[in-house]
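Coordinate inspection notes
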Amino acid sequence: MAPAEATSNDRSLPLEGSIKARKAHDTKHPNGKLNGAAIHSDQTTADVDENAELKKAFRNKYRHVQAVHSRSKPSCLSHDTTESPSFLGFRNLMVIVLVAANLRLVIENIQKYGVLICIRCHDFRPNDVRLGLLLYLMIPCHLLVAYLIELIASINAVSARAARTKRGGSASPTVDENRRFQLIWYVVRVLHFINVTAALVTTSWMVYWHIHHPLIGTLVEVHAIIVWLKAASYALTNRDLRHAYLHPVKGELDALPDIYRECPYPQNVTLGNLVYFWWAPTLVYQPAYPRTERIRWGFVAKRAGEVVCLSAFIWFLSAQYATPVLRNSLDKIATLDFLAMVERLLKLSTISLIIWLAGFFALFQSFLNGLAEVVRFGDREFYEAWWNSESLGVYWRTWNKPVYQFFRRHVYSPMRSRGWSHMAASTVVFLLSAVLHELLVGVPTHNIIGVAFLGMFLQLPLIILTSRLERMRSANGRLLGNTIFWVSFTIFGQPFAALMYFYAWQAKYGSVSRMMVGSGSVLLGSGTCRVA
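From a predicted model like this one, the values you see are computed outputs, not experimental measurements.

Right, let's get into the overall build of the protein. What the protein contains, in helices and strands, is 20 helices and two strands. Counting the 532 residues in the protein, one finds 36% classified as buried. When the accessible area of the protein is evaluated, it comes to approximately 31,800 Å², of which 65% is carbon and sulfur surface.

You can see asparagine 447 is positioned in the loop between helix H15 (422-442) and helix H16 (451-457). A distance of 2.8 Å separates a polar side-chain atom of asparagine 447 from the backbone oxygen of threonine 445.

Next up on the list: the nonpolar core. Counting 70 residues, the largest nonpolar core has Tyr234, Tyr395 and Trp399 as its most contacted members. Sorting elements by how many residues they give to this core places helix H7 (residues 214-246) first, with 11 residues. Those residues within four positions of tyrosine 234 in sequence are excluded, and the remaining contacts are Ala146, Tyr147, Glu150, Val269, Leu274, Phe277 and Tyr285. One finds Leu317, Val325, Ile355 and Phe502 within the second-largest nonpolar core, a separate group that totals 18 residues.

Now for the layout of surface pockets. What the second largest pocket holds in volume is close to 990 Å³. Along the walls of the second largest pocket sit 27 residues, with Trp185, Ala232, Leu236, His410 and Pro414 positioned nearest its centre. For the lining of the second largest pocket, the secondary structure elements donating two or more residues are helix H6 (175-210), H7, helix H14 (401-417) and H15. For the lining of the second largest pocket, the leading source of residues is H7, giving 10 residues. A class-by-class count of the residues in the lining of the second largest pocket yields 19 nonpolar, three polar and five charged.

Moving on, we come to the UniProt feature "transmembrane region" (unreviewed entry) in the protein. As recorded in UniProt, the sites labelled "transmembrane region" (unreviewed entry) are residues 133-158, 183-209, 215-236, 304-322, 351-372, 419-436, 448-467 and 479-504. Spanning residues 304-322, this segment combines 100% helix with 0% strand, and its end C-alpha atoms are found 25 Å apart. End C-alpha to end C-alpha, residues 419-436 measures 26 Å, and it is 83% helix and 0% strand.

Side chains bearing opposite charge may pair, as long as their charged atoms lie close to each other. Summed over all chains, the structure comprises 11 salt bridges. Note that aspartate 240 and arginine 239 form a salt bridge whose closest N and O atoms lie 3.1 Å from each other. For arginine 239, a relative accessible area of 18% puts it in the buried group. Glutamate 373 is the partner of arginine 296 in a salt bridge, and the nearest nitrogen-oxygen pair spans 3.1 Å. With arginine 296 in the loop between helix H9 (271-279) and helix H10 (297-328) and glutamate 373 in helix H12 (residues 338-374), the pair connects residues that are 77 residues apart, well separated along the chain. Three or more residues joined by partner-sharing salt bridges are found here, namely Arg296, Glu373 and Arg380.

This part takes up helix H3 (residues 88-113). Between the first and last C-alpha of H3 there are 37 Å, a value that for 26 residues agrees with the 38 Å anticipated at 1.5 Å per step. Taken together, the buried positions of H3 are Asn102, Asn109 and Tyr113. Glycine 114 sits one or two residues past H3 and shows a positive phi near 75°.

So, about the packing of aromatic side chains. The tally for this structure, following the rule as stated, stands at 33 aromatic pairs. Residues phenylalanine 316 and tyrosine 321 carry aromatic rings whose centres are separated by 5.8 Å and whose planes lie at 75° to one another, so their mutual orientation is edge-to-face. With relative accessibility at 10%, the residue tyrosine 321 sits in the buried group. When the centroid spacing of 6.4 Å and the interplanar angle of 80° are considered together, the rings of tryptophan 386 and phenylalanine 485 count as edge-to-face.

Reading guide: rules and limits
- Residues numbered from 1 in each chain as written.
- Predicted model: local features only at pLDDT ≥ 70, side-chain atom pairs only at ≥ 80, totals over all residues.
- Heavy atoms only, no water.
- Helix = DSSP H or I, 4+ residues; strand = E, 2+ residues; numbered from the N terminus.
- Buried < 20%, exposed > 50% of the residue type's maximum accessible area, 1.4 Å probe, protein only.
- Areas by Shrake-Rupley, 256 points an atom, 1.4 Å probe, with all protein chains shown as cover.
- Polar contact = N/O pair within 3.5 Å; in protein donor to acceptor, adjacent residues only side chain to side chain.
- Core = buried A, V, L, I, M, F, W, Y, C linked by side-chain atoms within 4.5 Å.
- Contact = heavy atoms within 4.5 Å.
- 1 Å grid on protein atoms, 1.4 Å probe; cavity = no way out; pocket = protein on both sides within 12 Å on 5 of 7 lines; lining within 4 Å.
- Points joined across faces, edges and corners; volume = space filled by probe spheres on them.
- Nonpolar A, V, L, I, M, F, W, Y, C, P; charged D, E, K, R; others polar.
- UniProt positions renumbered as here; feature names shortened; annotations may be inferred.
- Salt bridge = Lys/Arg side-chain N within 4 Å of Asp/Glu carboxyl O.
- Expected span 1.5 Å × (residues − 1).
- Phe/Tyr/Trp six-rings, centres within 6.5 Å; stacked < 30°, edge-to-face > 60°.

The structure is reproduced here in C-alpha cells:
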C-alpha cells in the first residue's frame, strides 16, 4: 500500500466508524428492540449527518477544489438584487465628513476672527429689562379677564337652565332659546375679542417702540401670542360646552369625550382650572387632561440642564459663527452681488440649521417635557418624526403639534363643517399663521418687512406641489419629497430670513454699526465684544 493511500484510509476509518456506531445506536428502541418507523427516520437523519461529515472531511482534504461560484448572484447595488443593502457605513462616513468639515470651519473662524465670546458684554438696557419684565407679568392678566367673562356667562347659563321648563331633557332649543343663546354668545365673543386683541396689540406696540433688544422683545412677544391663542381656545371651547349644557339634545352629552366627564361644564369654569391651562404645555383648552401619577424631579433636573446647556450652545454659535457671516453679507446685499449672496447663504445654512435643531430640541424635547412633568401633563406628543417628512405638508403637521392642533381644532375644522373647501380653509390657516410669524419676528427686530409673512404664506403652494409626492407609494417618491423638504428648509428658509432681517436691522441702526466697526468692535446679537 502506498503511503498516500495509507494516510487516506487512516483519515477515513475513524470517521466511518463513528458514523456507523452512532447509526446503529440511534436505530434501537429504548427497550433494546428495533422499531421500524424509528429505523427509517433515524436512518434518514443519519444519512444526512453522514453526508455532511463526509463533505466536511472532503473539504478539509481537498481545499483547492471548493466551488466558489455555485449559483447566479447579482451585485448588491444592482437593481435586480433580492435584498436591499445597508448603507450604515456610508452614514457613518457622512457623519465623519460633516464633523471634519465643520471642524475646519471652526479653526478657520478662530484664526480669522479670534474669540468673540464676551460674557460681560451685552446690550441689555435697564429700561428694556424693566419694561420687558413688566409686560411679561401683565400679559397673563388677560387670561384672568377671560375667566371673569366666562364666569359671568356660566352663571347666566345655570340660571337660564334652572328657569327653563324641562321638556324631557331631550328636546332641541326653541327659536327664542336659540336667539337668546346667540345674543349672549355675541356679547361674550365681543368681550373676548377686545380682551385678546388688547393683549396682543398693546404688547406688540410696546415691544416695537420701547424695547430695543431683540431677545427681550422676542420673549415678551412669544408670551403674548401664546396667551392670545390660549384665550381664544378657552372662549371657543366653553362656548360649545355652554351650548351643550343649555340645550342637551338627546345623545349629544354622551358624545362628548369621556375625559370631559371628569370636569363637566360649568364646573370647569374655575380659576384653578384656568391657571392649570395657562401652565399646561398645550394651546388647546380642555376641562380635563390626562395626568401622570407623580412628579419625577430627577427627570425635571435633566431637562432643565439640557435647556441651560443648549441655550449656551446656541448663544455661542450665534455670537462666534453666525454674526460674522451675517456682517460679511451686508456689502454683498447692498451691491446686489447675487453670486456672493448665494455663497453667504450656503455658508450660513449650516450654522442656522445647527442653531435651529438645537433650539427645537431645547424647546420641544427638553423644556416642554420638563414643564409637562412639573404640572403632571400626560400627553407629551409635542412633535412627530418630522425629519422624515415626505412633503412640506407632513412637516407642518408634525414638527409643532401644539400649534397644528390649535389651528386644526379652532380654525380648519369649523370652517370645513360650515361648507368651506379644503383649499379655502387651509388658506385662512396659513394666512393667520403668516401674520403671527411676522409679528413674532418683525416686531422684536423693529422691521415689519413681510419676509416672515411671505415665507409662511408661500408654503401653501409648495405644499400643493409636493402633495403628490406624499401620496406616492414608491420609495423614490418619498426620497424626492424628503429631499425637497430639506433643501427648502435649510437653504431658502431660515438662512434667507436671517439675512433679510439682519440687513434690515443694520439699515435701520446703521450709525451704531458703523461706529462699532470704526472702533474695532463687532456688534453681536447679545452685545458688543472687542475683536481679537
